Amino acid sequence: MADEVVASLPTESGVEQSMLRWLQDLPGLHQWTVHGLDSGEGAAALDREYGRGKGEVVYWDLLREKLIEINEPVNEGNVDRLLNSLRRDFDEAELMAGNQHLQRLLRRGKKFNAKHGNGTKKPVYVRLIDFDRPERNSFVAVNQMRFVRGASVRPDVTLLVNGLPLVHMEIKSLAQDNDWTDATSDLRDYEEAVPRLFFPTLLNVAADTQSFRYGAVGAKPGFYFPWSKAPLKYQDENNLKQATQALLNPRTLLDIALNYVFYEEKEGGTAKIVPRHMQYYAVRRLLQRIREGEKKRGLIWHTQGSGKSFAMLYAAKNLLERSVLGNPQIFLIVDTDKLATQMGNTLSAIGFERSVVAKSIDHLGRLIEQGQSQLVLTTIQKFQDVATAQQGNDEVVVMADEAHRFMERRLGNNLEAAMPEAYHFGFTGTPVHEGESDVARSTFRNYCPDGEPPLHHYSIRDGIEDEVILPVYFTLRHEAEWDVDEAAMDEAFDLELGHLSEEEKMKVVREALTPTDLGEFDSRIEVYAGEVIDHYEKQVEPNGWKGMVVAPSRKSAALYGTKLRERRPDGDVEVLYTEGDGDEKLLSQFHTTSEERDDIISRFKDEAQPKLLVVHNMLLTGFDAPVLKTMYLDRRLKDHTLLQAIARTNRPADGKTNGEIVDFQGVFENLDAALSYDAETRDFAAQDKDRLFEDFEEQLEKMWSLFEGVPRTDRQEAVSEALARVSKHPQKREFKRGFKRLQDLYESLSPDGRLSEEEVERKYQWLSHIWVAFRRQGGTVEPENEVRQKTREIVEKHVDVTGVKEDFPIYKVGEEHLEAIEEQEPAAQASSIAHAVKAHVRPRVDQNPRYEALSERVQEVLHQWQTKNMSDPEAVEALRQVERDVLDVEATAEEKGLGEAVHALFALLEGDYGLSEEDAGPLAKSVADRIEMEVDTSYPGWQRNEKARKAIKQEIMRALINEGETDLIKAGFPEEALSYIIANYTDGRST
């Protein structure tokens, strides 16, 4: 069975060959000419045909042919002068600057002084690619295109248009224990090593046996996305084939290159932006509707977090730059000044040239009357006094962002009246459907003529499957226990309302005591603030995430803020709500200015504090903070407002597996109603704990079945047999990935009494035990952000270090161990010592360079022994010496009084950088002292915080400068030292 599984997973070269064949066999008119099918290096053949040297990015002779063919002013007499000019365009040193420059040339052409028939020279723009007539271009796909300039790289597949590399692809195979994330890492390395290779490149592709991801040049792994949808002619049951053909067909690539690329200026540099599939296909449907001209409305329904803002900007760009309409005026409408500011900043950052922001009602009126062909950004509120029938352009397109939020009669009517002949498109993640009556609000009735479906729909389910958003789990905490003194309450009612009948009394109570009033009871807030603290400190904070409390009123928000601040360190809790006239002291203590609120929100997103936000009506829409994991929902939201709130927690982040709603009000019962118009997504919008527990049980049984036939005990023989079962692929890969999935589910469920049921707990304990042994033996220590807090708790409880030592005596390293194995046969002695040293050294390899050297010595001895180049007694003696050296490393550190971090730096300086013992010791101590004093490593998740890592590196360099050891900076010591410092500070400070 195992052999069948392995056989079904092709190697990297097998995937590469499949993708080349799919590119060659594209349906339609435009296909790729493929070099490299069934051969090692297809690019080598093309190199010979066109004389490309390994240091050249472009096939210049091929480009030469195409320039003459597609440009009338270019001929044999002047083409070489043009090529020489183009070569100089590769002189940029920096990746994004070079890419932006070359991409502009691809889209707009190269300015060139060409000689005309009358002997005069006139500047023309020479096309490098013919976008109007794609059939005139050369489309070539090659594998293994080598590029050598300072460094040597070789992408697996490269797609060339007229000899220019438009796409680079890196391919991995699950059968070889690599996946698409490894491919993105390789691509990033290539970009850093040889940036000029990527100057003409539109996008990169990272793929493996089952997955296809693409990203813009310069994109980090988190910005590589799937292309999971396709037009009918490209649809295929093989998702990898479908994505390859749907995205990488020549017509789509050229369309994206010409019409769907932005460069955004951000803090830290320029980012290239290419469309996601839902944005691309939505814009195409919008353009098609306008071309057809029969209907003037349409709805783009894309779930929160899928990039609707850029979908609108892509639509505006295409309308203004293509001949869909003659000379259109585009209006992009939002409903708050804050959103207008955000969108205005985006327009500025991407350099959207033909755009203007309406500054006032009068300014908007003038823009409507003038009708200039451009993008106009405005708020809906500015239509309140705009005159009717002002439309000065016959070709107006209105795009409304989150249109459901401003379908109030007057403003909506004013918009319609001001531009009666306009096209209207609504973009929303949460359409409103309040009923079928004439007065009920309905996004569908407003934007879907004749009851048609949305023009384009990207559902919550789609977003989760594409990993654009995360699933959200609900934890119900809504049934409070009330202790009521009925007798005293009845007496008080009789005193106040004794003159009323019982029916009249109940009516007064019902009208006076609303759910909001109950929500403001001090005793209730006291209890639920305790619930927030308990859950946050146990489930959220240990993993480095943050939380938000949504209160039912401003007063209750102030009460929450007061009580939470009493239980948390200064700066951890901030409260945000609008200021009211005459607010009492309880409320006024949390008043903030607009600037202060912006600062709080910025720090919540990017800094350690605050960790908890308390809000009433703020930040429930349009707030994007991936660090927000858990919302404590104490407000009865429903319909689209509930979906908007849920979406605040579903933004992906490294190590985050889901969002969570801790429900204090029982709003989960409203979820079906909120999703009633989209039954398909109901199960994916938010999953309750029963559904989550079913997933956990399924995964638990899947992992359990891996060890069928293995005794499920903690005896050494049983554990060894279990480890042998998962020592080779595919079982090794299945256990490695499957147990991490089990960890994620366990973390999301806890606390849950069902996890403590005897059968569940017994299985999870045993699997956790095997996982610890698997990691120790295999050296598969996971990054800090992948080790889940809940699993750490159960491991510490049931499989702590002492327990492992008792079950695995081979993990004990010491003189007593050497004595204990004296009676064994030499072969058994060698095996025991080797296991002991590996078990002791491997978890420490990242913590000290001397352990790395010792680990390599063990491997070398074992290799010599297993290949019969060393006898059993010789192997025993060699391994004994290694074991004694291990003890010496630790004894030396103890003797010198060095902590783990200082000792690691000392060993690095003395061993790898050749410093004397007298110089290495003080320098190591100086580096550690500076970090101890200047860098905060006390909060969870600091190891993956870029600011913390940068601060550590800066302190290392300052220490080296102060000690006069600047040569060590050039030699790369700060980078190596950083990794050892992080490894030795995993549980707080360690000097």
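Quick notes on the rules
- Residues numbered from 1 in each chain as written.
- Predicted model: local features only at pLDDT ≥ 70, side-chain atom pairs only at ≥ 80, totals over all residues.
- Heavy atoms only, no water.
- Helix = DSSP H or I, 4+ residues; strand = E, 2+ residues; numbered from the N terminus.
- Buried < 20%, exposed > 50% of the residue type's maximum accessible area, 1.4 Å probe, protein only.
- Contact = heavy atoms within 4.5 Å.
- Areas by Shrake-Rupley, 256 points an atom, 1.4 Å probe, with all protein chains shown as cover.
- Expected span 1.5 Å × (residues − 1).
- Axes fitted to C-alpha atoms, helices over the stretch in contact; angles between N-to-C directions.
- Parallel < 35°, antiparallel > 145°, perpendicular 65-115°, else oblique.
- Left-handed = near helix turned anticlockwise from the far one by under 90°.
- Nonpolar A, V, L, I, M, F, W, Y, C, P; charged D, E, K, R; others polar.
- Pairing = 2+ DSSP bridges.
- Core = buried A, V, L, I, M, F, W, Y, C linked by side-chain atoms within 4.5 Å.
- pLDDT = per-residue confidence, 0-100.

Novice: Tell me about the overall build of the chain, and name the residues and values.
Specialist: In terms of helices and strands, the chain carries 41 helices and 25 strands. Per-residue burial over the chain gives 54% buried out of 991 residues. The contacts in the chain between residues at least 6 apart in sequence include a share of 71% that link residues at least 24 apart. Accessible surface, the chain: about 44,400 Å² in total, of which carbon and sulfur atoms supply 45%.

Novice: Give a description of helix 20 (residues 522-540) that names residues and reports values.
Specialist: Between its first and last C-alpha atoms helix 20 spans 25 Å; for 19 residues at 1.5 Å apiece the expected length is 27 Å, and the two agree. Taken residue by residue, helix 20 has Arg-524, Ile-525, Tyr-528, Ala-529, Gly-530, Val-532, Ile-533, His-535, Tyr-536, Gln-539 and Val-540 as its buried positions.

Novice: Any chance you could break down the packing of helix 2 (residues 12-24) against helix 8 (residues 239-248) for me, citing the residues and the numbers?
Specialist: Packing of helix 2 against helix 8 brings their axes to within 10 Å, and their N-to-C directions diverge by 45°. Relative to helix 8, the element helix 2 is oriented oblique. Seen from above, helix 2 lies across helix 8 with right-handed handedness. In contact with Val-15, Met-19, Trp-22 and Leu-23 of helix 2, helix 8 contributes Leu-240, Lys-241, Thr-244, Gln-245 and Leu-248. Of the residues contributing to the contact of helix 2 with helix 8, the split by class is six nonpolar, two polar and one charged.

Novice: Now, about the sheet that holds strand 16 (residues 375-379): what can you tell me, with residues and values included?
Specialist: Strand order in the open sheet made by the seven strands is 15-16-14-17-18-13-19, with parallel pairing throughout. Two strands bound the open sheet, and with one partner strand each, they are strand 15 (355-357) and strand 19 (456-458). The sheet shows a mean angle of 20° between the axes of neighbouring strands, direction not considered. Pairing analysis gives three bridges linking strand 15 to strand 16, with the strands arranged parallel. Residue pairing in the sheet places Ser-355 in a bridge with Leu-375 of strand 16. Here helix 12 (residues 337-349) sits on the sheet in contact with strand 14 (329-334), strand 15 and strand 16, set at roughly 155° to strand 16.

Novice: Which residues make up the side chain of Arg-213, and what values go with them?
Specialist: Positionally, Arg-213 belongs in strand 10 (residues 212-216). We classify Arg-213 as buried; its relative accessible area is 8%. Beyond its immediate stretch of four places on either side in the chain, Arg-213 contacts Trp-180, Asn-204, Val-205, Ala-206, Tyr-224, Phe-225, Pro-226 and Glu-467.

Novice: Which residues make up helix 4 (residues 60-70), and what values do they have?
Specialist: Considered for burial, the residues of helix 4 that qualify are Trp-60, Leu-62, Leu-63, Arg-64, Lys-66, Leu-67 and Ile-70. Those residues of helix 4 hidden inside the fold are in contact with helix 3 (42-50), helix 5 (79-88), strand 3 (121-126) and strand 8 (164-171).

Novice: Talk me through the nonpolar core; I want residue IDs and the actual numbers.
Specialist: Residues Trp-32, Leu-67, Phe-212, Trp-227, Leu-248 and Met-399 are the most contacted members of the largest nonpolar core, which totals 132 residues. Top element by residues in this core is helix 11 (residues 308-321). It accounts for nine residues. When residues no more than four places from it in sequence are discounted, the contact partners of Met-399 are Leu-286, Met-312, Ala-315, Ala-316, Ile-330, Phe-331, Leu-332, Ile-333, Phe-425 and Phe-427.

Novice: Hey, could you go over unusual backbone geometry for me, with residue numbers and the actual values?
Specialist: Across the chain, the bulk of peptide bonds are trans and the bulk of non-glycine residues have phi less than zero. The omega torsion of the bond from Gln-609 to Pro-610 falls at 0°, within 30 degrees of zero and hence cis. Its place among the elements puts Pro-610 in the loop between helix 23 (594-606) and strand 23 (612-615). One non-glycine residue, Asn-162, lies in the positive phi region at around 55°. On the secondary structure map, Asn-162 appears in the loop between strand 7 (157-161) and strand 8. For Asn-162, a relative accessible area of 0% corresponds to the buried category. For Glu-467, which is not a glycine, the phi torsion comes out positive at approximately 65°. With respect to the helices and strands, Glu-467 occurs in the loop between helix 16 (460-465) and strand 20 (472-476). Residue Glu-467 is classed as partly exposed on the basis of its relative accessible area of 49%.

Novice: Now, about the confidence of the model for the chain: what can you tell me, with residues and values included?
Specialist: For the chain, the mean per-residue pLDDT works out to 77, and 72% of the residues sit at or above 70. Of the regions scoring below 50 in pLDDT, residues 779-824 engages in 96 contacts with residues more than four places distant in sequence or in other chains.

Novice: Residue-level account of the pairing of strand 8, with values.
Specialist: With eight of eight residues buried, strand 8 lies mostly within the body of the structure. Here strand 7 hands over to strand 8 after two residues, with Asn-162 in that stretch at a positive phi of 55°. Across five bridges, strand 8 lies against strand 9 (residues 203-207) in parallel orientation. Opposite His-168, over in strand 9, you have Asn-204 as the bridge partner.

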